[in-house]
Amino acid sequence: MGKNGSLSDGIIKKILLSYTYVAIWIFLSFTVIVYNKYILDKKMYNWPFPISLTMIHMSFCASLAFILIKVFKVVEPVSMSRELYLSSVVPIGALYSLSLWLSNSAYIYLSVSFIQMLKALMPVAVYSIGVLFKKEGFKNDTMVNMLSISFGVAIAAYGEAKFDSWGVILQLVAVAFEATRLVMIQILLTSKGITLNPITSLYYVAPCCLVFLMVPWIFVEYPILKEISSFHFDFVVFGTNSLCAFALNLAVFLLVGKTSALTMNVAGVVKDWLLIAFSWSVIKDTVTPINLFGYGLAFLGVAYYNHSKLQALKAKEAQKKAAQADEEAGRLLEERESEGTGKKSESQD
């Protein structure tokens with residue numbers, strides 16, 4: 001009874017921890033998105049400089065990652081040559097900087113709720129780019145699913161009350177860059193056996209992003225900032241915003257490491273619906289019935305895609321276990337045969 005009781009306690013503890021990790025990730029992701037919107041929106045904090053904000057994030061994250069790795073030695077840095085850094089990390093850093101810059105820029109033109117609806121296109125972009133780079137196989141049923149997601153997002157866009165073409169272009173291009181980055185991580189790092197946790201990832205990627213962002217910043221935002229004599233750097237606002245961004249990276253590692261990537265996908269759906277509700281009720285963004293209907297269709301498509309991916313992973317894992325079992329059975333049979341041969345030779349002697 002005691003043994004069963006302790007087992008039950010262990011299972012309950014594991015479930016509670018999983019829900020805690022999910023709650024932390026949802027809270028931090030929610031906070032970063034709303035905080036960025038607050039800073040960049042002209043009707044709120046009114047600091048519409050997305051490149052500068054992204055550079056502040058990257059500077060903060062790179063500095064903190066350096067301190068955690070080099071001073072406190074929380075994690076060990078990955079062994080990486082200059083050639084590997086230039087050929088693998090630099091392209092990923094370039095894509096990441098473009099993705100962050102453009103996605104942050106979209107908050108100036110679009111509502112939080114509509115941006116979350118457009119982000120539902122991420123599986124479509126990842127799959128399409130994966131097929132293009134031959135990391136995914138083309139399947140008719142998957143493509144039909146991708147078209148259904150796209151159709152749902154198109155309906156949501158049609159129903160958007162404050163549709164802004166430039167904002168939509170920025171967000172869609174940001175999705176494309178982010179999807180390309182995710183595929184490139186598989187091609188340039190994972191395939192070479194290199195895995196980066198969020199701290200080491202920021203340690204290597206954030207300085208690279210900072211350099212790439214410096215180029216457009218000098219020409220686009222620096223001349224305007226130079227003219228604004230009234231601006232003073234608010235350490236509380238930008239410091240807490242950057243801290244939330246860094247904590248979110250750690251929460252991603254915690255959530256995927258302690259649960260699964262599928263749990264993160266499900267948590268992401270919950271977060272999106274919460275953001276839509278918050279955008280409508282607190283920020284007072286207009287959310288139309290057509291918006292919700294379109295996003296609902298896209299949501300069903302994304303849910304089916306995640307389900308299909310889970311089933312494929314389960315099938316692959318089952319095949320791997322079956323192969324291991326066959327290999328183990330063959331090894332045991334060989335051992336028994338060799339033992340039998342040994343005993344036979346002994347009896348003949």
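Everything below is about the structure shown above.
From a predicted model like this one, the values you see are computed outputs, not experimental measurements.

A. Broad picture of the packing of helix α5 (residues 122-132) against helix α7 (residues 165-188). In the contact formed by α5 and α7, the axes pass within 9 Å of each other and the chain directions differ by 50°. By the angle between their directions, the pair α5 and α7 is classed as oblique. The handedness of the crossing between α5 and α7 comes out as right-handed. Together, Met122, Ala125, Val126, Ile129 and Gly130 of α5 and Val175, Ala176, Glu178, Ala179, Thr180, Leu182 and Val183 of α7 make up the contact between the two elements. Its residues assigned to classes, the contact of α5 with α7 shows 9 nonpolar, 2 polar and 1 charged.

B. Local environment of the packing of helix α2 (residues 50-71) against helix α3 (residues 82-109). Between α2 and α3, whose axes approach to 8 Å, the crossing angle comes to 130°. Taken as axis vectors, α2 and α3 run oblique relative to one another. Crossing hand, α2 versus α3: right-handed. Residues Pro50, Ile51, Thr54 and Met58 of α2 pack against Tyr96, Leu100, Trp101, Asn104, Ser105 and Ile108 of α3. Residue classes in the contact of α2 with α3 are distributed as 7 nonpolar, 3 polar and no charged.

C. View of the environment of Trp47. In this structure, Trp47 sits in the loop between α1 (2-40) and α2. As a C-alpha pair, Trp47 and Ala174 span 127 residues in sequence and 20 Å in three-dimensional space. Not counting residues within four places of it along the chain, the set of residues in contact with Trp47 comprises Ile39, Leu40, Asp41, Ser52, Leu53, Ile56, Leu225, Phe231 and Phe238.

How each quantity is defined
- Residues numbered from 1 in each chain as written.
- Predicted model: local features only at pLDDT ≥ 70, side-chain atom pairs only at ≥ 80, totals over all residues.
- Heavy atoms only, no water.
- Axes fitted to C-alpha atoms, helices over the stretch in contact; angles between N-to-C directions.
- Helix = DSSP H or I, 4+ residues; strand = E, 2+ residues; numbered from the N terminus.
- Parallel < 35°, antiparallel > 145°, perpendicular 65-115°, else oblique.
- Left-handed = near helix turned anticlockwise from the far one by under 90°.
- Contact = heavy atoms within 4.5 Å.
- Nonpolar A, V, L, I, M, F, W, Y, C, P; charged D, E, K, R; others polar.

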